[in-house]
Amino acid sequence: MSEKQTILITGGAGFVGSWLVDKFISKNDVNVIIVDDLSTGSTNNLPQVHNDRWTFIKCDINNYREISAVMLAFRFDYVFHYAAVVGVQRTLDNPSAVLKDIEGLKNILDLSKNTGVKRIFYSSSSEVYGEPVEMPQNEKTTPLNSRLPYAVVKNLGEVMLRTYQSEYGLNYTIFRLFNTYGPRQSPDFVISKFISKALAGEDVTIYGDGNQTRTFCFIEDHILATFSAYEGNQFINDVVNIGNDVQINVVELAQTIIKQTNSNSKIKYLPALPDGDMQRRQPDVTNMIGLMNRTFTPLEKGLEKTILSLPRH
Ligand SMILES: NC(=O)c1ccc[n+]([C@@H]2O[C@H](COP(=O)([O-])OP(=O)(O)OC[C@H]3O[C@@H](n4cnc5c(N)ncnc54)[C@H](O)[C@@H]3O)[C@@H](O)[C@H]2O)c1
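What counts as what
- Residues numbered from 1 in each chain as written.
- Predicted model: local features only at pLDDT ≥ 70, side-chain atom pairs only at ≥ 80, totals over all residues.
- Core = buried A, V, L, I, M, F, W, Y, C linked by C-beta atoms within 7 Å.
- Buried ≥ 20, exposed ≤ 12 C-beta atoms within 10 Å, placed from the backbone.
- Domains from an automatic or database assignment.
- Contact = placed C-beta atoms within 7 Å.
- Near = placed C-beta within 6 Å.
- Helix = DSSP H or I, 4+ residues; strand = E, 2+ residues; numbered from the N terminus.
- Nonpolar A, V, L, I, M, F, W, Y, C, P; charged D, E, K, R; others polar.
- Pairing = 2+ DSSP bridges.
- Axes fitted to C-alpha atoms, helices over the stretch in contact; angles between N-to-C directions.

### Considerations on the nonpolar core
Alright, step 1. The biggest cluster of nonpolar side chains holds 79 residues, and the ones touching the most others in it are Ile9, Val79, Phe80, Ile120 and Phe194.
Alright, step 2. Residues lining this core come from more than one domain, with at least three contributed by each of domain 1 (5–178 + 219–242) and domain 2 (180–215 + 245–283 + 294–309).
Alright, step 3. Every residue in contact with isoleucine 9, bar those within four places of it in the chain, is listed here: Gly17, Leu20, Val21, Val32, Ile34, Phe80 and Tyr82.

Structure follows, in C-alpha cells:
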C-alpha cells in the first residue's frame, strides 16, 4: 500500500489492540486513531513515543453520538474493531453489557458503510465454536455451537459483517481469536494470572482437576498474522483462526510458569466453574501459518518475554 492510510483501532488501549497500534505506527505510511473507553484498557498501553502517526480519543463505541463524531471527522480507510467486554468471569457476570456490544458493532458498520471504509477487521472469538464437536476447529467445516452471551454476540457479529457485505458491499475479515497471551495482558487471564501469582509467591489456583487443555498463541505471532492479512490483502470477506495448535493442560501450564519464574508457589485446586470452561479447544492453523510465513513462537520463549515484562514483588 503506497498512499498514507488512515486506520481506526477500537479497543486500542487494550491488550491486543495496543499491540496492533504498535505494529501500525512502526510503519511510515499510516495515521492511526485509537478509540477506547478505558473500561478494561489503560492509557499505559498507548505508545510511549509521541508523534503524528497516532491519536488517542476516549470514546464509548456503543454510544452513537460519540463514535459518529470520530468516524465522521476522519475518513478511515480501514477499521480494526477490537473493543468489547471481555474475560470469562466479566462476561458471565455482565451479560446485558455483553449484549450492548451489538449496538457498538452496528454503529461501526453503519458508519463504515457510509464513509467509504475499504475493509473492517473484526475480533471474533474461538468461543463461537462452543463445546467442540471436531478437532482441530476449522473455519469452514466446524459447526458453531455458541451458547453463552459472549459467544452468541461474537457469532451474531460475524453474521452482521456478512450481511453488510452482501447488502452494502462493505468488505470484512473475521479473525476468530483463540487464547492469546503476552506482555500487557490484564491479570484476569490464565497466563497473566498464573505469572502474577507465581512472581508474588502466592498459590496458583486451578478450577477443576486442571486436565482441561488449552492452546496459547503468543501476541507477536498473533499480530504478525493479522497484520499480514491486512497488508497482503488476504482473507477478504473470509474467516481465519488466529491461534496456536499446541495443546497443554492447565496443570502443566501452572508447573511450567512456577518453574520459569523460579517461584515457591503451590498449586491449589478449586471447584470447577459451572459454565464457560471448555474442556478442549484447538484451532486448525493452516491459514494462520500461511499468514505468518514462519513457525510459532514456542510457549517457553513467549512466557519468558511475558515474565520479563512484569514486576517481581
Ligand atoms: N486476548 C484473547 O485471547 C482474545 C480471545 C478471543 C477474542 N478476543 C477479542 O479480542 C478483542 C480484544 O481483547 P483483549 O484481550 O485485548 O481485551 P482488552 O480488555 O485488553 O481490550 C478490549 C478493549 O476494549 C475497550 N472497550 C471495551 N468496551 C468498549 C466500548 N464500548 N467502547 C470503547 N472501548 C471499549 C476496553 O477498555 C479495552 O481497552 C476483544 O474483542 C475480545 O473479545 C481476545
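### Observations concerning the site of the ligand
Alright, step 1. Around the ligand, a shell composed of 29 residues is seen, among which Gly11, Gly14, Gly41, Ala83 and Ala84 lie nearest.
Alright, step 2. Every element with two or more residues in the shell around the ligand is listed here: helix H1 (15–25), strand E2 (30–36) and strand E5 (119–125).
Alright, step 3. When residues in the shell around the ligand are grouped by element, the largest group, 3 residues, is from H1.
Alright, step 4. In terms of residue class, the shell around the ligand is built from 12 nonpolar, 14 polar and 3 charged.

### A closer look at the domain arrangement of the chain
Alright, step 1. Entries for the chain in the domain assignment read domain 1 (5–178 + 219–242) and domain 2 (180–215 + 245–283 + 294–309).
Alright, step 2. Of all the secondary-structure elements, those providing two or more residues to the side of domain 1 that touches domain 2 are H1, helix H3 (88–93) and helix H7 (219–231).
Alright, step 3. By residue number, the principal contributor to the side of domain 1 that touches domain 2 is H7, which donates 4 residues.
Alright, step 4. Of the residues in the side of domain 1 that touches domain 2, the class split is 11 nonpolar, 8 polar and 4 charged.

### A few points about the sheet that holds strand E3 (residues 54–58)
Alright, step 1. Across the sheet, which stays open at both edges, the 7 strands sit in the order E3-E2-E1-E4-E5-E6-E11 with parallel pairing between neighbours. The two strands at the open ends of the sheet, each matched to only one other strand, are E3 and strand E11 (238–242). Direction aside, neighbouring strands of the sheet carry axes that sit 20° apart on average.
Alright, step 2. When strand E1 (residues 5–10) meets E2, the two strands line up parallel, connected through 6 bridges. Each bridged residue has a counterpart across the sheet, and for leucine 8 the counterpart in E2 is isoleucine 33.
Alright, step 3. Set on the sheet, helix H4 (residues 95–114) makes contact with E1, strand E4 (78–81) and E5; between it and E4 the angle comes to about 175°.
Alright, step 4. Here H7 sits on the sheet and contacts E4, E5, strand E6 (172–177) and E11; the angle it forms with E11, its principal contact strand, is near 165°.

### Topic: the pairing of strand E8 (residues 204–207)
Alright, step 1. Judged by which residues are buried, E8 turns out to be one-sided: Val204 and Ile206 face inward and are buried, whereas Thr205 and Tyr207, on the alternate face, are not.
Alright, step 2. Summarising the sheet, E8 and strand E13 (residues 267–270) pair through 4 bridges and their orientation is parallel. Considered in E13, the bridge of isoleucine 206 is made with tyrosine 269.

### Points about the environment of valine 30
Alright, step 1. For valine 30, the location among the structural elements is in strand E2.
Alright, step 2. We classify valine 30 as partly exposed; it has 19 C-beta atoms within 10 Å.
Alright, step 3. Put simply, valine 30 and glutamate 3 are 27 residues apart on the chain and 8.5 Å apart in space, counted from C-alpha to C-alpha.
Alright, step 4. If near-sequence neighbours (up to four positions away) are discounted, valine 30 is found in contact with Lys4, Gln5, Ile7, Phe24, Ile25 and Arg53.

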